[in-house]
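Below are the chains, spelled out letter by letter.
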Amino acid sequence: MKTSSRFWISNAVSYGMIAALLVIIVRAAVYLLDVSPTNISFGMLNFVYNLIVLSICLYLGAIAWRKKSETGNLSYIQGLLICISISFVTVFFIHVYDLIFYTLIAPDYIANLLEPQLTAISGNPAIPPMQKLQMMEKMQKLSSPFYSTGLNALTSFGISVIVSLILAIFTVRNRPVVIENTEN
């Protein structure tokens with residue numbers, strides 16, 4: 001393969017940044033337009049959008065890697081590795097954005113999302129006191145931007161690895177190498 005590690009890194013960073021920027025732009029627009037993130041249909045639509053953007057960028061990145069090879073071939077493992085690399089870059093940039101957003105831009109955003117749930121837990125007499133205390137502690141952990149974004153990043157990376165496992169199948173190409181005779 002004539003491809004180098006430099007192209008591998010630039011390919012992963014390029015396609016990862018494109019995917020991350022497309023997701024971040026929508027997240028910023030949702031915040032600026034004051035769309036309620038607790039809306040279930042919005043959550044599903046956002047998940048599908050993120051999945052489509054990630055899938056397209058992973059596929060295009062793997063195809064670019066395949067085209068850069070000397071033979072135009074790509075094994076499943078090579079496709080999987082480039083997809084996982086692009087996924088890692090994407091999740092990293094989104095995680096950095098989330099940390100900046102939740103600590104500098106809107107520090108009370110997570111707390112405001114969790115406040116109705118905390119009120120419902122504390123005001124519910126049917127929940128035993130010990131269980132109520134445990135639930136409140138878990139909710140307090142989630143209100144930390146570092147814990148919340150870390151959990152989100154791990155979940156996102158897990159989903160992107162699953163998507164990578166599937167998409168790598170579609171990037172495989174094993175054509176026979178034809179060496180032309182130039183002695184004539």
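Residues numbered from 1 in each chain as written. Predicted model: local features only at pLDDT ≥ 70, side-chain atom pairs only at ≥ 80, totals over all residues. Heavy atoms only, no water.

(A) Up close: the overall build of the protein. Scanning the protein for helices and strands turns up six helices and zero strands. The order of helices and strands in the protein, counted from the N terminus, is α-α-α-α-α-α. Projected onto its principal axes, the C-alpha coordinates of the protein cover approximately 90 × 35 × 30 Å. In the protein, buried positions account for 34% of the 184 residues. Look at the contacts in the protein between residues 6 or more apart in sequence, and 81% of them connect residues 24 or more apart. Taken as a whole, the protein presents about 11,600 Å² of accessible surface, with 68% of it coming from carbon and sulfur. Of the side chains in the protein, 11 bear a positive and 8 a negative charge, and the two mean positions are spaced by 7 Å. (Helix = DSSP H or I, 4+ residues; strand = E, 2+ residues; numbered from the N terminus. Buried < 20%, exposed > 50% of the residue type's maximum accessible area, 1.4 Å probe, protein only. Contact = heavy atoms within 4.5 Å. Areas by Shrake-Rupley, 256 points an atom, 1.4 Å probe, with all protein chains shown as cover. Lys, Arg positive; Asp, Glu negative; His and termini not counted. Charge placed at Lys NZ, Arg CZ, Asp CG, Glu CD.)

(B) Representation of the side chain of S160. Mapped onto the elements of the fold, S160 is located in helix α6 (residues 145–171). A polar atom in the side chain of S160 sits 2.8 Å from the backbone oxygen of F157. Excluding anything up to four places from it in sequence, S160 contacts L54, L58, S87 and V91. (Polar contact = N/O pair within 3.5 Å; in protein donor to acceptor, adjacent residues only side chain to side chain.)

(C) How the structure looks around the packing of aromatic side chains. Inspection of every chain in the model, using the stated rule, returns 10 aromatic pairs. Look at F101 and Y102: their rings are 5.3 Å apart centre to centre, the planes differ by 70 degrees, and that puts the pair in the edge-to-face class. As far as burial versus exposure is concerned, F101 and Y102 are alike and both buried. Put simply, the rings of Y31, Y97, F101, Y102 and Y109 touch in pairs and so form one group of aromatic residues. K68 extends its terminal NZ or CZ atom over the ring of F7, reaching a point 5.2 Å from the ring centre. (Phe/Tyr/Trp six-rings, centres within 6.5 Å; stacked < 30°, edge-to-face > 60°. Lys NZ or Arg CZ within 6 Å of the ring centre and 35° of its normal.)

(D) Representation of the nonpolar core in the model. Judged by nonpolar contacts, the single largest core of 18 residues is most densely connected at I24, I94, F101, Y102, Y109 and M139. Those elements that place two or more of their residues in this core are α1 (5–32), α2 (40–68), α3 (76–105) and α4 (109–122). Residues within four places of F101 in sequence aside, it is in contact with Y31, A106, P107 and Y109. A12, A62, V163 and L167 belong to the second largest nonpolar core, which has 12 residues in total. (Core = buried A, V, L, I, M, F, W, Y, C linked by side-chain atoms within 4.5 Å.)

(E) Expanded view of the pattern of salt bridges. This model, assessed by the stated rule, comprises one salt bridge. One salt bridge in this structure joins D98 and R27, with 2.5 Å as the shortest N-O distance. One end of the pair, D98, is in helix α3; the other, R27, is in helix α1, and 71 residues separate them in sequence. What makes D98 buried here is its relative accessible area of 3%. Residue classification places R27 among the partly exposed positions, given a relative accessible area of 22%. (Salt bridge = Lys/Arg side-chain N within 4 Å of Asp/Glu carboxyl O.)

(F) Structural context of the environment of L133. Looking at the element boundaries, L133 is found in helix α5 (residues 129–142). Given the relative accessible area of 45%, L133 is considered partly exposed. Taking the C-alpha atoms as reference points, L133 and I121, separated by 12 residues in sequence, lie 9.2 Å from one another.

(G) The arrangement of the packing of α1 against α2 in detail. Two elements in contact, α1 and α2, have axes separated by 10 Å at closest approach and are oriented at 160 degrees. By the angle between their directions, the pair α1 and α2 is classed as roughly antiparallel. Crossing angle aside, the handedness with which α1 passes α2 is right-handed. From α1, F7, W8, N11, Y15, I18, A19, L22, V23, V26 and V30 reach across to α2, where they touch F42, N46, Y49, N50, V53, C57, L60, G61, A64, W65 and K68. When grouped by side-chain class, the residues that make up the contact of α1 with α2 number 16 nonpolar, four polar and one charged. (Axes fitted to C-alpha atoms, helices over the stretch in contact; angles between N-to-C directions. Parallel < 35°, antiparallel > 145°, perpendicular 65-115°, else oblique. Left-handed = near helix turned anticlockwise from the far one by under 90°. Nonpolar A, V, L, I, M, F, W, Y, C, P; charged D, E, K, R; others polar.)

Function-wise, these values are silent; they only describe arrangement.
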